[in-house]
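Listed below, chain by chain, are the residues.
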Amino acid sequence: MLKKPSKTIDIAALSCAALFIATLPLATAVAAQADASANAETQEVIITANRLNQPLGEAMAAATVFTLDDIEASQAESLFELLAGAPGIQMARTGGQGTQTSLFMRGTNSDHTLILIDGVKANTASEGFARLENIPVAQIQRIEVVRGPQSSLYGADAIGGVIQIFTKQAELGNADTGLSGNLSAAVGTEATANGNAGINIRSNNTALALNVSHQQTDGIRPIHTPTPSARRSAYENDAANLSISHQFSNGAALRGGYDLRDSELNYDGGINNTEGRTANLALALPISDSWRTDLQVSRFNDDSINDSTFSSRSRTRRNTFNWQNHVQANDDNSLVVGADFESEDLLYESSGAVQTDTTRDNRAVFAVLDTDLNAFNTTLSLRSDDNEQFGQKTTGKAAIGTDLGDNLQVWTSYSTAFKAPSLVELYVDFPGFFFFGNPDLQPETSRNIEVGLEGSHAGAAWSVNAFRNEIKNLIATNASFNSLTNVERATINGVELAVNGTLLGWNANAALTLLDHENSETGQELLRRPNEILSAGISREFDKLNVGLTWLARSAQKDVDPVTFGTSSVAGNAVFDLILAYQLLNDLSLQLKVGNLFDKDYQVVDGYNTYGRTALLTTRYQF
């Protein structure tokens, strides 16, 4: 029997977070020896926050960066595991590896977050969200998460924020010429077997890289209620990424890449096969010492076939062209102007479905001005989208911040955003069920205001972000239950706290997300979004051994009852993971991850099982 919701986890999460966040800066002030100013100079650089390279602390945006070291140290097998503990992110999954994975950024819908892979939009034209479950972590070099509306930079689908995934690419930079590469192999519970290989060839001006990966697992029985699954949902994923980069004598750079992902998920009554293909070609051309122009053409293809009693197929094809100019007027003023063109096509086949249109084009121009006014820093962005279906839409963002001294900064921003209706919502009818798409649907819109405070003291970095996001014109079923219309509104208030530093020789970090959200029409909480999420982790290196422990706690949440289809509740939970790594040789390491260390029985989605205790043993070799 499913457990009733418990408020214990709410109190525990809040108490532990308050204690951790309040004491860590004080402890590090005594224990840490690192110089804060040196830490600021070496902070991460981010490009996604304002479409230009800038230090993370100067972006005036709530952002999190996952480096390759972070990704490998986490030993995560999926984006569900990797992103779950990040500030502002709520993850849900209907079973084990390869099952549908939903990401709710700051409490917004799963199709309100724009996913980019190497600058290419990965959201499908059918569901509106990206298939995160099929993006292998082994192919990822870096992830940039920018929370809060970003339509003034990227257009539709960025009401909640933007996540840009950078795959492992051919790079020149300061890398040595010649041959290098990496190999990894992993085995684990549920008959899990993973493998990855990468090779890089570099000359003075040209680099070529190939990365391949394989995942397979027997999985778990995903469904708990109403009828338990009769068998496990086995999953298999094969992926490859080929890229090339060339530097010309005049400073211009040409790069190209081709990425493919094939996956198969078996479940009771059927098989789901998905193919993902992304190709891009980009040219960076310096016009002068202060002006650089970037051109990129890309093609995205997603083809998902569900072979079951009620078979279906959805295929998204999207061609894009991006032109961006970066002008560095002086040390205090940066200007980015550009244009985006997108053409997408959807093929949707399902029992009883009739598709009345298949394509949609979108043209946009945008500008970003980043200015240092001595006492204040400002960032202004404006974008105008001209969409074939709903017409013109203008969005903007204004941010202003100042340095309060002693490595303390404060900033505030106001932004607007929109989410375009999916092509299924617009043009797919189900006459046998007396349900029809609505070609007159308008975009969902939002306006967001937030304030951020961040600091760095004696080796400890911390940040606090508070926001209010009002979303209007949400798409929902009409009063007659025979079509869709823009009727609903939602209001989401939230606070995010994050801290990381060194405590008595241990590296420590914590992140707390507090949400207050409701459907403004019904007064009910939004589904599958816990009001409190706390993540924390500690790690320490003992000569060649690295030991780490992570904790993820979620409060109770509203969901859909799998029997009555009414509103239900999922109890709060807390899960620990143990992470070990041992350096056998300079280039050879051994890793062990024990997931759900205490074998906690819990659910994330009502009616669906989660993993019990798991173990994954990984060997990594670099050459």
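Everything below is about the structure printed above this text.
The model shown is predicted, which means the values in this text are computed figures rather than measured ones.

**Let's talk about the overall build of the protein**
If you tally the helices and strands in the protein, you get six helices and 35 strands. Its C-alpha atoms give the protein a radius of gyration of 24 Å, near enough to 25 Å, the size a compact globule of 623 residues would have. The dimensions of the protein, computed from C-alpha atoms along their principal axes, are 65 × 55 × 50 Å. Counting the 623 residues in the protein, one finds 50% classified as buried. Taking as baseline every contact in the protein between residues at least 6 positions apart, the subset at least 24 positions apart corresponds to 60%. Accessible area for the protein stands at about 27,200 Å²; split by element, carbon and sulfur atoms hold 56% of it.

**Regarding the pairing of strand S31 (residues 557-560)**
Side chains Gln557 and Asp559 of S31 all project onto a buried face; the interleaved residues Lys558 and Val560 project onto a face where none is buried. One ladder, built from four bridges, connects S31 with strand S32 (residues 567-570); its direction is antiparallel. By the bridge assignment for S32, Lys558 is matched with Ser569. The hairpin formed by S31 and S32 contains six residues between the paired strands, and Phe565 there has a positive phi angle of roughly 65°.

**Some details on the sheet that holds strand S8 (residues 140-147)**
If you trace the five strands from one edge of the open sheet to the other, you get S3-S8-S9-S6-S7, paired in mixed fashion. Looking at the sheet topology across the chains shown, the edges are occupied by strand S3 (62-66) and strand S7 (120-121). Bridge analysis of strand S6 (residues 113-117) against S7 gives two bridges, and the strand direction is antiparallel. Residue pairing in the sheet places Ile117 in a bridge with Val120 of S7.

**Some words on the pattern of salt bridges**
Taken as a whole and assessed by the stated rule, the structure comprises 30 salt bridges. A salt bridge links Arg360 to Glu344; the nearest nitrogen and oxygen atoms lie 2.9 Å apart. One end of the pair, Arg360, is in strand S20 (residues 359-372); the other, Glu344, is in strand S18 (residues 333-350), with 16 residues separating them in the sequence. Glu344 matches Arg360 in its accessibility class, with the two residues each being buried. Residue Arg447 pairs with Glu470 through a salt bridge whose shortest N-O separation is 3.0 Å. On the criterion of sequence distance, the pair formed by Arg447 in strand S25 (residues 444-457) and Glu470 in strand S26 (residues 460-477) is long-range, its members being 23 residues apart. Overlapping salt bridges bring together Asp111, Lys121, Asp157, Arg318, Glu342, Glu344, Arg360 and Lys419 as one network.

**A word on the pairing of S18**
Across 18 bridges, the pairing between strand S17 (residues 312-330) and S18 is antiparallel. Considered in S18, the bridge of Ser314 is made with Tyr348. Counted between consecutive antiparallel strands, the loop separating S17 from S18 contains two residues. Note: S18 against S20, 13 bridges, orientation antiparallel. In the sheet register, Glu342 faces S20, and the bridge partner there is Asn362.

**Re the packing of aromatic side chains**
Taken as a whole and judged by the stated rule, the model has five aromatic pairs. The interplanar angle of 80° and the centroid separation of 5.5 Å between the aromatic rings of Phe576 and Phe598 together place this pair among those described as edge-to-face. With a gap of 22 residues between them, Phe576 in strand S33 (residues 573-583) and Phe598 in the loop between strand S34 (588-595) and strand S35 (614-622) connect regions that are remote in the sequence. What makes Phe598 exposed here is its relative accessible area of 57%.

**Describing the side chain of Arg131**
If you trace the backbone, Arg131 turns up in the loop between S7 and S8. Relative accessible area serves as the criterion here: at 12%, Arg131 is assigned to the buried category. One polar contact links Arg131 to Glu127, side chain to side chain, over a distance of 3.4 Å. Discounting residues that sit within four places of it in the chain, Arg131 has contacts with Thr124, Ser126, Thr274, Asp302, Ser304 and Ser314.

Reading guide: rules and limits
Residues numbered from 1 in each chain as written. Predicted model: local features only at pLDDT ≥ 70, side-chain atom pairs only at ≥ 80, totals over all residues. Heavy atoms only, no water. Helix = DSSP H or I, 4+ residues; strand = E, 2+ residues; numbered from the N terminus. Rg over C-alpha atoms; globule rule 2.2 N^0.38 Å. Buried < 20%, exposed > 50% of the residue type's maximum accessible area, 1.4 Å probe, protein only. Contact = heavy atoms within 4.5 Å. Areas by Shrake-Rupley, 256 points an atom, 1.4 Å probe, with all protein chains shown as cover. Pairing = 2+ DSSP bridges. Salt bridge = Lys/Arg side-chain N within 4 Å of Asp/Glu carboxyl O. Phe/Tyr/Trp six-rings, centres within 6.5 Å; stacked < 30°, edge-to-face > 60°. Polar contact = N/O pair within 3.5 Å; in protein donor to acceptor, adjacent residues only side chain to side chain.

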